[in-house]
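Structure at a glance
Spelled out from the first residue to the last, the chains are:
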Amino acid sequence: MTTATDTATEPPPVLRLDGVSHTYIGQRRRTTVLKNIDYSFRRGTFYTVLGPSGSGKTTLLSLASGLDAPTRGTISFNGQDLTKLGLGRYRNKHAATIFQHYNLLTYMTALQNVTTAMEITGVKPGSGGRRARALELLERVGLDKHMATRNVMRLSGGQQQRVAITRALACDVDILFADEPTGNLDEDTAQGIIDTFRELAHEQDKCVVVVTHSQRLAAQSDRVLTLRKGKLTE
Amino acid sequence: MNFVKRAGLSLRARKVRTAVLLGIFVVICTLLLGGFLLQGATARQEADAQRTIGVDVTLKGKALTPALADRLGSSPQVHRYNPRLPIEAGARGIEPLESDVPRPGGDRSGAKTPRPLALNGVRDSGLLLPFSYGSNKITAGRGITPEDAGRRVAMVEKRLASTNGLKVGDTIRALSADGKNTVPLTVVGIYRDATPDPTRWTPPHLLPGNTLYVPVRAAQQLSPGTADLAEAVFRIGSPEQAEQLHAEARRLLGTGPFDFRVNDKAYKDQVRPIQRVGTFARLIVQLIALAGALILGLIVMLQIRERRDELGMLLSLGEKKWKLIGQHTVEVAAVALPAVALAALAGQIAAQQAGDALLGHQESASSPRPRSPDAVADSPEMRVQPSDLGKVAGIGLGISLVSTVVPGIGILRLHPRSILTDSE
Ligand SMILES: Nc1ncnc2c1ncn2[C@@H]1O[C@H](COP(=O)(O)OP(=O)(O)OP(=O)(O)O)[C@@H](O)[C@H]1O
Ligand SMILES: [Mg+2]
């Protein structure tokens, strides 16, 4: 239940879920994963979503990031229904997602993966150009120029994950989604990533939504959401 | 144009795959081109053969007159035609041949004897059976041609020529059956009939040496009013056209009975093998196109997993679908187009050899009996035509697009979520 004082003090919601339900229709049975979820995500906030395996975290994320439309209910970005805005346009301009399985373009270097994403999402080249910006962002997650210009298949799992995160960061979007982004990383690297997320939320006023199993990560977020039996609770 | 750049990166990074694809494409395109060239060459050769060999239709009937033969001869399916108007004639100034053997029962000079020369009014002596089959051969000068129609010329047999010392250019005088008319005839050709002189007494007009060929008009002048055509031969392109000619003959000759005989043996012996090669070439083209599509389809299936992830990822970034298809198209075209160019080189060589082997062989194997010289079809000419290259490029691109883009479209119809989050 949101109160009047809440809306007065907090920034306006950037993403709203209204009565969102999602059902998978299998060959033999239907699985309802999300049940009538209402929630508002705000700018400048770092959210984590916890929940047991199979509870629907990835499903929730894929709906919120515009990869699919819910079977019922509406999701709106800045007050506009995503289906009206266009899921493709929403993904292209406003949301970026880091997947559970890092989906990098295997025929490119780390740097090319990042710059390609910048081109597709139409990030302005800026003063130093996209390449310089991409190198700077990769450097920040601990990937030097030498590693950045190597084919991504010749990077470790953790390094690949960092490329995927950098790619999402490089696309100057309003909302960043991540599905267990630190699962494959050592503690130091994971902490670096978490710091980056917090910085994005607090200094760049982004909305960051991270699905995780890690209590440590959750403890550093602004709001911890739990998904259980199709319901999202704080 | 970032999708073009992506295509370039993809091709460069997947060097081995690109090379294998290029190799397969070159082979497919080469074989396709070879097939097309062979098809083209056989089609040309078939047309040639239809023109030179053709099918001979022999028409006999009471109602058949030289004028009707001309009308039938002007039908579109008729390439050449030759009516034959046999008459008897006497000779002035030359001695007709006579049988060496004494006449049984002694000389009955009182009885009415036919004129000693057998003249045949013809239009195109090359169509006469003994000439086209080679038992008669021209040894000097030429035969009777359509251009001779109004001229007074003759082709005489060697024995008559040597007995009378005739050469090409000499003039003989023929006497009409009723003895009222004399027609001078210039010898334009001398032929040799392989038939030996009969061993029994034979009247002069039946001796092979006394047979002369003259234009139809000249024969008519020597036999006013009464002459009937023995037959007329029409050379048409194919056995299939015989039916049309038959209908035309029926229309022109009215209700009277007539004899319509189709001789398509030469055609079947020489044209059918060419047609078989043509059919074979068409089959090759179809098989290769099919096999090519299957092979490429298989290759694509093997990498569909990789493609799937790639498409999902690019879609999640909000890339436009047409650009994804554009990328695949560029990747495929970048392989297919150089392959067509290479195939143009290789196809030329392959087709020439295939053509020599197939058509050259058929040619020699199928000529058991002699033909007049003009009936020998030329050896096939194979050149890479721009239209053939266009077809190969079209099919090559078609195959590659179908095998690359169609599965891609299948993936694109899915929601990016199901592409990216379904682990299997
Ligand atoms: N495409 C699908 N078709 C049918 N059922 C599906 C599909 N995708 C997921 N599910 C089911 O929906 C439920 C939620 O899946 P989801 O992937 O969202 O869970 P999750 O919370 O991300 O789990 P994990 O922590 O293991 O990643 C599961 O029971 C799963 O089997
Ligand atoms: Mg999950």
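Residues numbered from 1 in each chain as written. Chains lettered and ligands numbered in written order. Predicted model: local features only at pLDDT ≥ 70, side-chain atom pairs only at ≥ 80, totals over all residues. Heavy atoms only, no water.

Notes on the interface of chain A and chain B
- Contact residues are listed per partner, giving 24 residues for chain A and 23 residues for chain B.
- Of the roughly 2100 Å² buried at the junction of chain A and chain B (both faces included), carbon and sulfur atoms supply 63%.
- By the criterion of area lost to chain B, the three top residues of chain A are R91, Y107 and I120 of chain A, representing 31% of everything that side buries.
- Inspection of the region where chain A meets chain B yields one salt bridge.
- A salt bridge links E119 of chain A to K5 of chain B, with the shortest nitrogen-to-oxygen separation between them at 2.6 Å.
- Connecting chain A to chain B are six residue pairs in polar contact (both at pLDDT 80 or more).
- For the side of chain A that touches chain B, the elements supplying multiple residues, two or more each, are α2 (57-64), α4 (87-93) and α5 (110-121) of chain A.
- A per-element tally of the side of chain A that touches chain B places α5 of chain A first, with six residues.
- Residue classes in the side of chain A that touches chain B are distributed as ten nonpolar, ten polar and four charged. (Contact = heavy atoms within 4.5 Å. Buried area = accessible area lost by both parts, 1.4 Å probe. Salt bridge = Lys/Arg side-chain N within 4 Å of Asp/Glu carboxyl O. Polar contact = N/O pair within 3.5 Å; in protein donor to acceptor, adjacent residues only side chain to side chain. Helix = DSSP H or I, 4+ residues; strand = E, 2+ residues; numbered from the N terminus. Nonpolar A, V, L, I, M, F, W, Y, C, P; charged D, E, K, R; others polar.)

Overview of the nonpolar core
- Ranked by internal contacts, the top residues of the largest apolar core, which has 53 residues, are F46, I98, V163, L176, F197 and V208 of chain A.
- If sequence neighbours within four positions are ignored, F46 of chain A has contacts with I194, F197, R198, A201, V208, V210, L217, Q220, S221, D222 and R223 of chain A.
- With 51 residues, the next largest nonpolar core counts V78, L97, A219 and L253 of chain B among its residues. (Core = buried A, V, L, I, M, F, W, Y, C linked by side-chain atoms within 4.5 Å. Buried < 20%, exposed > 50% of the residue type's maximum accessible area, 1.4 Å probe, protein only.)

Some words on the pattern of salt bridges
- Counted according to the given criterion, the structure contains 23 salt bridges over all chains.
- E319 of chain B serves as the salt-bridge partner of R6 of chain B, at 3.0 Å between the closest nitrogen and oxygen. Separated by 313 residues along the polypeptide, R6 of chain B in helix α1 (residues 2-13) and E319 of chain B in the loop between α9 (304-316) and α10 (321-365) bring together distant segments of the chain. Of the two residues examined, R6 of chain B and E319 of chain B, each falls in the buried class.
- Here the salt bridges share partners, and the residues they tie into one network are R133, E136, R140 and E199 of chain A.

Brief notes about the site of ligand 1
- Near ligand 1, the surroundings consist of 14 residues, among which S53, G54, K57, T58 and T59 of chain A are the closest.
- At ligand 1, the nearby residues belong to more than one chain, namely chains A and B.
- Contact distances for ligand 1 include 2.7 Å between an oxygen atom and a side-chain N or O atom of K57 of chain A.
- Contact between ligand 1 and T58 of chain A: an oxygen atom at 2.6 Å from a side-chain N or O atom of the residue.
- For ligand 1, the protein covers 66% of the area, taking 630 Å² as the surface of the free molecule.
- Looking at the shell around ligand 1 element by element, the count peaks at three residues for α2 of chain A.
- Here the residues of the shell around ligand 1 are counted per class, giving three nonpolar, eight polar and three charged. (Near = heavy atom within 4 Å. Areas by Shrake-Rupley, 256 points an atom, 1.4 Å probe, with all protein chains shown as cover.)

Details of the environment of P130 of chain B
All names here are of chain B.
- Relative to the helices and strands, P130 is located in helix α4 (residues 129-133).
- In this structure P130 comes out as partly exposed when scored by relative accessible area, which is 28%.
- For the pair P130 and D193, spaced 63 residues apart in sequence, the C-alpha to C-alpha distance is 8.3 Å.
- With sequence-adjacent residues up to four places away left out, P130 is seen in contact with S135 and N136.

Quick notes on a positive patch on the surface
- Taken together, the side chains of K35, R228, K229 and K231 of chain A make up a positively charged region of the molecular surface.
- Tracing the backbone shows K35 of chain A in strand β2 (residues 30-42). (Patch = residues over 30% accessible without salt bridge, like charges linked within 9 Å, V, L, I, M, F, W, Y side chains within 5 Å. Lys, Arg positive; Asp, Glu negative; His and termini not counted. Charge placed at Lys NZ, Arg CZ, Asp CG, Glu CD.)

As for the packing of helix α3 (residues 66-73) of chain B against helix α7 (residues 242-253) of chain B
Residue and element names in this part refer to chain B.
- Where α3 meets α7, the closest approach of the two axes is 10 Å, and the angle between their N-to-C directions is 145°. For α3 against α7, the interelement crossing comes out right-handed. For the pair α3 and α7, contact is made by L68, R71 and L72 and by L245, E248, A249, L252 and L253, respectively.
- Residues that form the contact of α3 with α7 fall into these classes: six nonpolar, no polar and two charged. (Axes fitted to C-alpha atoms, helices over the stretch in contact; angles between N-to-C directions. Left-handed = near helix turned anticlockwise from the far one by under 90°.)

Notes on unusual backbone geometry
Residue and element names in this part refer to chain A.
- The phi dihedral of N36 falls on the positive side, at around 50°, and the residue is not glycine.
- Examined against the element boundaries, N36 turns out to sit in strand β2.
- Assessed through its relative accessible area of 40%, N36 is described here as partly exposed.
- Even without being glycine, K229 reaches a positive phi, approximately 50°.

Thoughts on helix α9 (residues 187-203) of chain A
Residue and element names in this part refer to chain A.
- With 17 residues, α9 ought to run about 24 Å at 1.5 Å a step, and its terminal C-alpha atoms sit 23 Å apart, in line with that.
- Of all the residues in α9, the buried ones are T189, A190, I193, I194, T196, F197, L200 and A201. Mapping the buried residues of α9 onto a view down its axis gives an arc of 150°, with all of them on the same face. Structural note: α9 exposes E187, D188 and E203 on the side pointing more than 90 degrees away from its buried face.
- The inward-facing, buried residues of α9 abut β3 (45-50), β6 (95-98), α8 (157-170), β7 (175-179), β8 (207-211) and α10 (215-219).
- You can read the cap of α9 off the contacts: a side-chain oxygen lies 3.1 Å from the backbone nitrogen of D188, and it is on D186. (Expected span 1.5 Å × (residues − 1). Arc of directions from axis to C-beta.)

Section: the sheet that holds strand β9 (residues 223-228) of chain A
All names here are of chain A.
- One open sheet accounts for six strands, arranged β6-β7-β8-β3-β9-β10; its pairing is mixed. Edge strands, defined here as strands with exactly one partner in the open sheet, are β6 and β10 (231-233). Neighbour to neighbour, the strand axes of the sheet diverge by 20° on average, direction disregarded.
- As paired elements, β3 and β9 share four bridges and run parallel to each other. By the bridge assignment for β9, T48 is matched with V224.
- Across the sheet, α2 touches β3, β7, β8, β9 and β10, and the angle it forms with β7 is around 155°.
- Here α8 sits on the sheet and contacts β6 and β7; the angle it forms with β6, its principal contact strand, is near 175°. (Pairing = 2+ DSSP bridges.)

Quick look at the packing of aromatic side chains
Residues and elements named next belong to chain A.
- Within this structure, the stated rule accounts for ten aromatic pairs over all chains.
- An angle of 85° between the planes, with centres 6.1 Å apart, marks the rings of Y39 and Y47 as edge-to-face.
- Classification of Y39 by relative accessible area gives buried; the value is 13%.
- Judged by its relative accessible area of 1%, Y47 falls in the buried class.
- Where F41 meets Y47, the ring centres are 4.8 Å apart and the plane angle is 80°; that geometry is what we call edge-to-face. The same class applies to F41 as to Y47, namely buried. (Phe/Tyr/Trp six-rings, centres within 6.5 Å; stacked < 30°, edge-to-face > 60°.)

Some details on the confidence of the model for chain B
Residues and elements named next belong to chain B.
- Per-residue confidence for chain B gives a mean pLDDT of 81, with 85% of residues at or over 70.
- This stretch, residues 362-378, has a pLDDT under 50; its non-local contacts, to residues over four places away or in other chains, come to 29 contacts.
- Complex prediction metrics read pTM 0.62 and ipTM 0.79. (pLDDT = per-residue confidence, 0-100.)

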